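# Overview (structure and organization)
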Amino acid sequence: MSTQTPEIAKPVSPIEISIAHSPDSDDAFMFYGLATKKVRVPGYRFTHTLCDIETLNRRAREEAFYDVTAISFHAYPYLQQSYALMGCGGSVGEGYGPMIVASRKLTPKDLSQVRVAVPGALTTAYLTLKIFNPAIETVTVPFDRIIPEIQAGKYEAGLIIHEGQLTYSTSGLFKVIDFGVWWRETTGLVLPLGGNAIRRSLGAKTHNVISKALRDSISHALDHREQALEYAMQFARDLDSTMASHFVSMYVNDRTLDYGPDGREAIRKLLTMGYQRGIIPIEPQIDFVD
């Protein structure tokens, strides 16, 4: 009588999902759960790449480099064939946002007479500036060099994003215009700044898994705020713990879990306006993965 050796099931390798986001305290807070493996998804493994947002915009536009990538909403029409927008993980300005600051007191009308340093032509901050006044002359400067180069006298004014929105006055600079305020006064909507895009080729099942994982990561950070803030502080450029907490609260909140109908309307409004005014050459086709 012969006996057969039972087959031993081979372990199944987890599906690897590459995630890219900016090295900022708000993004670090958002991805805290996934990055520290406090949030796990059976059968999936997440790898994280940190890179400045303008580089991520260009990588996504050129070659669909990552499975999930943080992007500026301005960049989305350029990569919409390869990516869909995730319904969670975004940042919006609720009456605040990117701003132009200067080395001396200027009015918004004065901006037509100076060159403004901007953090990249695909950033939402740049799109908003061009909707506000397309005649403003700009020059691209790495976002973390804008304030130092204004201080050094290389430029009179600059468009600042990230933590600079809280620290510009301590650098001796003057606010010219806050585009979050201007956008709300103009449209009555929040200003959508950045979100997460997911590769379409992953398919609906994986889209759902990753969307839930990111929401769980955001929820975990909000529910364990002290620990998540401690983790995020390593990415908080020039901010003490109080200011870092304030900055994170500005951009990681209930709207990060879900934009809400008005938040999604704001994204469509911003991109449609950019297209209609000739700033964006591609008609936006916006759809969300939830």
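How each quantity is defined
- Residues numbered from 1 in each chain as written.
- Predicted model: local features only at pLDDT ≥ 70, side-chain atom pairs only at ≥ 80, totals over all residues.
- Heavy atoms only, no water.
- UniProt positions renumbered as here; feature names shortened; annotations may be inferred.
- Helix = DSSP H or I, 4+ residues; strand = E, 2+ residues; numbered from the N terminus.
- Rg over C-alpha atoms; globule rule 2.2 N^0.38 Å.
- Buried < 20%, exposed > 50% of the residue type's maximum accessible area, 1.4 Å probe, protein only.
- Contact = heavy atoms within 4.5 Å.
- Areas by Shrake-Rupley, 256 points an atom, 1.4 Å probe, with all protein chains shown as cover.
- Lys, Arg positive; Asp, Glu negative; His and termini not counted.
- Charge placed at Lys NZ, Arg CZ, Asp CG, Glu CD.
- Salt bridge = Lys/Arg side-chain N within 4 Å of Asp/Glu carboxyl O.

As named in an unreviewed UniProt entry, the protein chain is 1,4-dihydroxy-6-naphtoate synthase, taken from Candidatus Sulfuritelmatomonas gaucii. According to its UniProt record, the protein chain has this under Pathway (unreviewed entry): "Quinol/quinone metabolism; menaquinone biosynthesis."

### Structural notes on the overall build of the protein chain
Of the regular secondary structure elements, the protein chain holds 13 helices and twelve strands. Its C-alpha atoms give the protein chain a radius of gyration of 21 Å, near enough to 19 Å, the size a compact globule of 290 residues would have. Looking at the protein chain as a whole, 54% of its 290 residues are labelled buried. Residue pairs in contact within the protein chain that sit at least 24 positions apart in sequence constitute 76% of those at least 6 positions apart. As displayed, the protein chain offers around 13400 Å² of accessible surface, 49% of which is attributable to carbon and sulfur atoms. Distance from the positive charge centre (29 side chains) to the negative charge centre (32 side chains) of the protein chain: 3 Å.

### Some words on the environment of Ser217
Counting through the fold element by element, Ser217 comes out in helix α9 (residues 204-223). For the pair Ser217 and Gly33, spaced 184 residues apart in sequence, the C-alpha to C-alpha distance is 4.4 Å. When sequence neighbours within four positions are dropped, the list of residues in contact with Ser217 reads Met30, Phe31, Tyr32, Gly33, Leu34 and Val39.

### With respect to the UniProt feature "active site" (unreviewed entry) in the protein chain
Annotation from UniProt places "active site" (unreviewed entry) at His162. Topologically, His162 is positioned in the loop between β9 (157-160) and α7 (164-167). On the basis of relative accessible area, His162 is assigned to the buried category, the value being 13%. Dropping the residues within four chain positions of it, His162 is found in contact with Asp24, Ile53, Phe143, Arg237 and Phe247.

### Quick word on the pattern of salt bridges
One pass over the full model with this rule turns up twelve salt bridges. For Arg255, the salt bridge goes to Asp262, with nearest N and O atoms at 2.8 Å. What makes Asp262 partly exposed here is its relative accessible area of 32%. Linking Arg264 and Asp290 is a salt bridge whose minimum nitrogen-to-oxygen distance equals 2.7 Å. Of the two residues, Arg264 sits in helix α13 (residues 260-276) while Asp290 sits in the segment after β12 (288-289), which places them 26 residues apart along the sequence. The structure contains a network of salt bridges with shared partners spanning Glu94, Arg184, Arg255 and Asp262.

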